[in-house]
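Here's the letter readout for the chains.
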Amino acid sequence: TQLLEQSPQFLSIQEGENLTVYCNSSSVFSSLQWYRQEPGEGPVLLVTVVTGGEVKKLKRLTFQFGDARKDSSLHITAAQPGDTGLYLCAGANPVYGGSQGNLIFGKGTKLSVKP
Amino acid sequence: DSGVTQTPKHLITATGQRVTLRCSPRSGDLSVYWYQQSLDQGLQFLIQYYNGEERAKGNILERFSAQQFPDLHSELNLSSLELGDSALYFCASSVVPGVADTQYFGPGTRLTVL
C-alpha cells in the first residue's frame, strides 16, 4: 500500500493548458514537498509546505497543502514544454522517521507538454 | 548540478554478485540519504547517515549495507544481487537531518542485474 497516492499517473497536454496534480494520503504529514525529476537526473526540490491550508506560488506553479495536512495539489498555469517531467510529492511522517528528514515519496505524475 | 556526486553512473552485473555505489555529499552537508527508485515501487528511502553514524533505516534489505566515512562520503554495498535489485539508486545530502532542511539529490546510479 502506497502511503502517498498521486494522480493522475500520466498526463499529456498541449502547451498553454492548465493542469492540476494531486497527492493524497490517509495519514497526516508534518510537511509535504514537491519535486521535479527529469530523465537521467535526480529529483529537484520545488517547494516545501508545512502549514495546513498553506498556498505557495512559484511563477506559474501553485502548491497547496490541505487543511488536515493529508493532501496536497500542484497547479500549473499555461503549461510549457519545459514543464515536462516527473512530478513527485514527498512527505515527512513522524511514524516513519519524518522528524529525521526521511521522506516517503508518491510514485509520481509523468507530465508531457506538447508544443 | 546539485553538488552531490555519485559513481558509477551505470553498473551492469550478474545475479549473485556484489557491488559498491559511492556518494560524495555537497560540501558542508553532514547527512546522507540513500534511496532506491524502481518502476513498480517508486522512490523508496533505504538508509540515512549523519556525521558517520547511522540515523535511520527504511526499506533496506539485509543484503544491503551502507556506511559513511570520516570524510563524509558514503558507500552503499549491495550483495547477492537479484534481478529485482535492478533500479536507480540515489544519494541525497542535507546539512543536518530534519524535514526543514532541503535534501539535494545526486544524479543516481543505474544498476542493471542480468
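For the structure itself, look to the data block above.
Source: prediction; values computed, not measured.

A. Looking closely at the side chain of D29 of chain B. Residues and elements named next belong to chain B. Relative to the elements of secondary structure, D29 occurs in the loop between β3 (19-24) and β4 (31-38). Take D29: its relative accessible area is 1%, and that puts it in the buried class. Reaching out from D29, the side chain makes a polar contact with the side chain of R26 at a distance of 2.9 Å. Among the polar contacts listed, one links the side chain of D29 to the side chain of S93, at a separation of 2.7 Å. Excluding its chain neighbours within four sequence positions, the residues that come into contact with D29 are L72, S93, S94, V95 and Y104.

B. Molecular detail of the sheet that holds strand β6 (residues 55-58) of chain A. Residue and element names in this part refer to chain A. Strand order in this open sheet of five strands is β1-β3-β8-β7-β6, and the pairing throughout is antiparallel. Since the sheet does not close on itself, it has two edges, and those belong to β1 (5-7) and β6, each with one partner. In this sheet, adjacent strand axes meet at a mean angle of 15° when their direction is disregarded. Of the pairings in the sheet, the one linking β6 to strand β7 (residues 61-65) comprises four bridges and is antiparallel in character. Its bridge partner being in β7, L58 is matched across the sheet by L61.

C. Spotlight on the pairing of strand β7 (residues 64-68) of chain B. Residues and elements named next belong to chain B. What you see with β7 is a clean split: F64, A66 and Q68 sit on the buried side and S65 and Q67 on the side with no burial. Pairing geometry for β7 and strand β8 (residues 74-78), over five bridges, is antiparallel. Counterpart to S65 in the pairing with β8 is N77. The turn joining β7 and β8, which pair antiparallel and follow one another in sequence, is formed by five residues; a positive phi near 80° is taken by L72.

D. Region of the structure containing the pattern of salt bridges. All names here are of chain B. The final tally for this structure, using the stated rule, is six salt bridges over all chains. Between R63 and E82 there is a salt bridge, with its nearest N and O atoms 3.7 Å apart. With R63 in the loop between β6 (53-57) and β7 and E82 in the loop between β8 and β9 (87-94), the pair connects residues that are 19 residues apart, well separated along the chain. A residue is classified by how much of its surface remains accessible, and E82, at 44% relative accessible area, is partly exposed. Shared partners join several salt bridges into a network, and the residues in it are R63, E82 and D85.

Parameters at a glance
- Residues numbered from 1 in each chain as written.
- Chains lettered and ligands numbered in written order.
- Predicted model: local features only at pLDDT ≥ 70, side-chain atom pairs only at ≥ 80, totals over all residues.
- Heavy atoms only, no water.
- Helix = DSSP H or I, 4+ residues; strand = E, 2+ residues; numbered from the N terminus.
- Buried < 20%, exposed > 50% of the residue type's maximum accessible area, 1.4 Å probe, protein only.
- Polar contact = N/O pair within 3.5 Å; in protein donor to acceptor, adjacent residues only side chain to side chain.
- Contact = heavy atoms within 4.5 Å.
- Pairing = 2+ DSSP bridges.
- Axes fitted to C-alpha atoms, helices over the stretch in contact; angles between N-to-C directions.
- Salt bridge = Lys/Arg side-chain N within 4 Å of Asp/Glu carboxyl O.

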